[in-house]
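# Observations on the three-dimensional arrangement
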Amino acid sequence: MKGAVEAIVRLQHTYSIDEESVANGRMTRTSVTSPKLTTLDCYLLGLNQAQLGFHDYAIRWLEVSLKRFEEDERNNQPLFVSKANILDWLQHSTYHRGNVSHALAVSEQIKSIDPDFANVQANIGFYQQVLSEMTPEAVAAVEKADSLRPKLAGDGKYESLCRGEGVLRTEALKNQRCYLETYGNPALLLQPVKYEVIHVNPDIFMLHDVVFDSQIERIKAAARKDLRRAMVVIPGTDQHEAARIRISKSAFLKESADPVIPEMNARIGLITNLNMEVAEDLQIANYGIGGHYDPHYDHFRTKFDINHHQIDAKWGDRIATFLLYMTDVDAGGATVFPRLNLTLYPVKGSAAFWFNLHRDGLGDENTLHAGCPVLSGTKWISNKWIREKWQDRTRPCGPQPDSPEWENGWPKDKPVIE
């Protein structure tokens with residue numbers, strides 16, 4: 001239940017979801033409809049959000065529940081929760097929001113309904129005592145602030161990009177184009193790679209129609225039995241742990257898992273022109289509703305990152321990321337780059353492909369990216385992290401350092417790949 005409640009809060013925060021619309025079966029920012037929520041449904045959402053400390057959200061859901069309770073009561077519908085219980089959690093969250101006078105008013109309303117309701121008289125006495133110690137100006141200020149109904153949508157770059165509100169800079173738009181690529185390889189002459197240049201420096205592409213649907217289904221089938229809660233690196237160590245910043249299930253598939261895996265690895269090498277001998281195992285990830293991955297880097301060699309333990313002494317850092325979308329997503333689930341004001345939407349059979357490192361080998365901090373929460377449907381992806389060793393034919397080093405971090409020299413204690 002805790003995970004489900006946190007997912008709902010995450011979706012509300014990211015997509016500016018209106019509780020009343022959701023309760024009526026209309027999902028914000030999508031044409032997808034869902035079953036209407038009952039009085040009890042809204043109450044349980046508010047109760048659990050209150051218990052987890054999400055009081056702003058709890059108040060709104062409890063108010064929707066209260067409104068529906070009164071409608072059910074007028075229409076002689078069955079009542080599965082008492083009005084006093086709804087009000088009790090409402091006064092609880094209202095107090096924790098700081099509006100003591102309103103919490104007192106709600107508590108007095110509970111007493112008028114049920115004088116013997118648990119702790120109601122004690123709550124009233126407590127709120128009266130708190131108010132007696134506050135100046136009238138302080139009480140008025142709290143009431144005014146509470147009446148403004150704070151906006152609950154996230155106002156950061158990540159959230160706005162997830163909502164599709166980002167606009168690329170003009171100079172970035174000028175570099176966008178599409179072309180067919182063969183790398184001079186006869187294997188691609190009849191079916192060149194369909195490249196779409198999304199951004200230059202860092203270089204980010206969308207590669208279209210890269211796999212067949214039949215291959216996607218085989219990859220998903222091979223992964224299902226091994227899917228586990230996704231893990232993240234514990235900063236400064238070689239260890240991994242489950243964390244709230246990444247909510248999904250994932251599995252790494254070796255080539256022995258299914259004949260489709262070596263086929264896929266070879267295909268990725270062919271269409272990226274990179275050496276797959278130094279690539280990590282293919283990772284499959286499944287995101288349900290509310291599943292997401294907060295802003296992060298795929299590389300490890302940066303001026304500030306302490307995860308240099310993850311840089312393989314033989315293969316080096318992650319020079320590139322290949323991210324295959326294995327489903328369309330009804331709503332949400334975009335890949336966003338907050339520092340570039342860039343949003344990529346999942347298209348089944350297409351792949352996002354980008355270079356994580358500057359040509360001098362340091363990590364490009366503009367590749368900070370995230371997986372937005374899935375609002376409706378499900379999201380399947382597979383990704384291949386490709387290491388830097390032996391990639392000089394496709395991605396040669398530049399003659400001069402080209403990363404801003406070089407202004408202060410190569411970061412100390414960061415391994416250099418020879």
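Placed above this text is the structure.
Now for a quick tour of the structure. (Residues numbered from 1 in each chain as written. Predicted model: local features only at pLDDT ≥ 70, side-chain atom pairs only at ≥ 80, totals over all residues. Heavy atoms only, no water.)

### Some details on the overall build of the protein
Test applied: Helix and strand definitions follow DSSP, with helices as H or I runs of at least four residues and strands as E runs of at least two, each counted in order from the N terminus. Note on classification: 1.4 Å probe, protein chains only; a residue is buried when its accessible area is under 20% of the maximum for its type, exposed when over 50%, partly exposed between these limits. The criterion used for residue contact is that any of the two residues' heavy atoms lie within 4.5 Å. Computed with a 1.4 Å probe, the accessible areas rest on the Shrake-Rupley method; for each residue, only the protein chains presented here act as cover.
When helices and strands are tallied, the protein shows 12 helices and 18 strands. In the protein, which comprises 418 residues, the share counted as buried stands at 50%. Sequence-distant contacts, at least 24 apart, represent 73% of the contacts inside the protein between residues at least 6 apart. Of the roughly 20300 Å² that the protein leaves accessible, carbon and sulfur atoms contribute 52%.

### Let's talk about the packing of aromatic side chains
This is how the line gets drawn: Aromatic pairs are defined between Phe, Tyr and Trp rings, using the six-membered ring for Trp, whenever the two ring centres lie within 6.5 Å; interplanar angles under 30 degrees are classed as stacked, those over 60 as edge-to-face, and all others as tilted. By the criterion adopted, a ring carries a charge over it if an Arg CZ or a Lys NZ lies within 6 Å of its centre and within 35 degrees of its normal.
Going through the model one piece at a time under the given rule, you end up with eight aromatic pairs. The interplanar angle of 40° and the centroid separation of 5.4 Å between the aromatic rings of Tyr95 and Tyr127 together place this pair among those described as tilted. Highlighted residues: Tyr95 in helix H5 (residues 83–96) and Tyr127 in helix H7 (residues 120–132), separated in sequence by 32 residues. Its guanidinium or amino end placed over the ring of Tyr287, Lys379 lies 5.0 Å from that ring's centre, counting from NZ or CZ. Positioned above the aromatic ring of Phe355 is the side chain of Arg395, whose terminal nitrogen or guanidinium carbon lies 4.1 Å from the ring centre.

### Description of the side chain of Asn99
Which entries qualify depends on this criterion: Residues adjacent in sequence count toward polar contacts only when both atoms are side-chain atoms; beyond that, a polar contact is any pair of N or O atoms within 3.5 Å, and within protein one must be able to donate a hydrogen and the other to accept it.
Relative to the helices and strands, Asn99 resides in the loop between H5 and helix H6 (100–113). Looking at Asn99, the relative accessible area reads 5%, which means it is buried. Here His102 takes part through its backbone nitrogen, which lies 3.1 Å from a polar atom of the side chain of Asn99.

### Examining the pattern of salt bridges
Let me state the cut-off plainly: Salt bridge, as applied in this entry: a Lys or Arg side-chain nitrogen positioned within 4 Å of an Asp or Glu carboxyl oxygen.
Throughout the structure, instances matching the rule amount to 15 salt bridges. With a shortest N-O distance of 2.6 Å, Arg97 and Asp56 are connected by a salt bridge. One end of the pair, Arg97, is in the loop between H5 and H6; the other, Asp56, is in helix H4 (residues 55–74), and 41 residues separate them in sequence. Using a relative accessible area of 26% as the deciding quantity, one classes Arg97 as partly exposed. Lys83 is paired through a salt bridge with Glu70; the nearest N and O atoms lie 3.5 Å apart. Residue Lys83 is found in helix H5, and its partner Glu70 is found in helix H4; the two are separated by 13 residues along the sequence. Salt bridges here are not isolated pairs; linked through shared partners, they connect Arg218, Asp258 and Glu263.

### Quick notes on the environment of Phe126
Within the secondary structure, Phe126 is located in helix H7. Classification of Phe126 as partly exposed rests on a relative accessible area of 39%. A sequence separation of 26 residues divides Phe126 from Val100, and the C-alpha atoms of the two residues are 9.7 Å apart.

### Side note on the side chain of Arg318
Here Arg318 shows up in strand E11 (residues 318–325). A polar atom in the side chain of Arg318 sits 2.7 Å from the side chain of Glu280. Residues within four places of Arg318 in sequence aside, it is in contact with Glu280, Asp298, His299, Phe300, Asn356, Leu357, Trp385, Ile386 and Arg387.

### Examining the pairing of strand E15 (residues 351–355)
For a regular strand, the rule is simple: side chains alternate between the two faces of the sheet. Short version of the rule: Paired strands, as defined in this entry, are two strands with at least two bridges between them according to DSSP.
Of all five residues that make up E15, five are buried, and the element is covered over most of its length. Along E15, one buried face is formed by Ala351, Phe353 and Phe355 and the opposite face, lined by Ala352 and Trp354, is buried too. Across four bridges, the pairing between strand E3 (residues 204–208) and E15 is antiparallel. If you follow Ile204 over to E15, its bridge partner there is Trp354. Pairing between E11 and E15: five bridges, direction antiparallel.

### Let's talk about helix H11 (residues 213–224)
The cut-off we apply is this: Expected span of a helix, by definition, is 1.5 Å for each gap between consecutive residues, and there is one gap fewer than residues. Working definition: the arc comes from the directions between the helix axis and the C-beta atoms, pointing outward to the latter.
End to end, H11 covers 17 Å across 12 residues, agreeing with the expected 16 Å (1.5 Å per residue, within 8%). Of the positions making up H11, those classed as buried are Gln215, Ile216, Ile219, Lys220, Ala222 and Ala223. Buried residues in H11, looked at end-on, bunch into an arc of 165°, giving them a common side. Contacts made by the buried residues of H11 are with strand E8 (249–253), helix H12 (260–272), strand E9 (282–287), E11 and strand E18 (379–387).

### A closer look at the sheet that holds strand E16 (residues 369–371)
Read from one edge to the other, the open sheet built from five strands follows the order E7-E10-E16-E13-E14, with strand pairing classed as antiparallel. The sheet terminates laterally at strand E7 (246–247) and strand E14 (342–344), the two strands that pair on one side only. Relative to E16, strand E13 (residues 335–337) runs antiparallel, the two sharing two bridges. Residue pairing for E16: Thr335 is matched across the bridge by Gly371.

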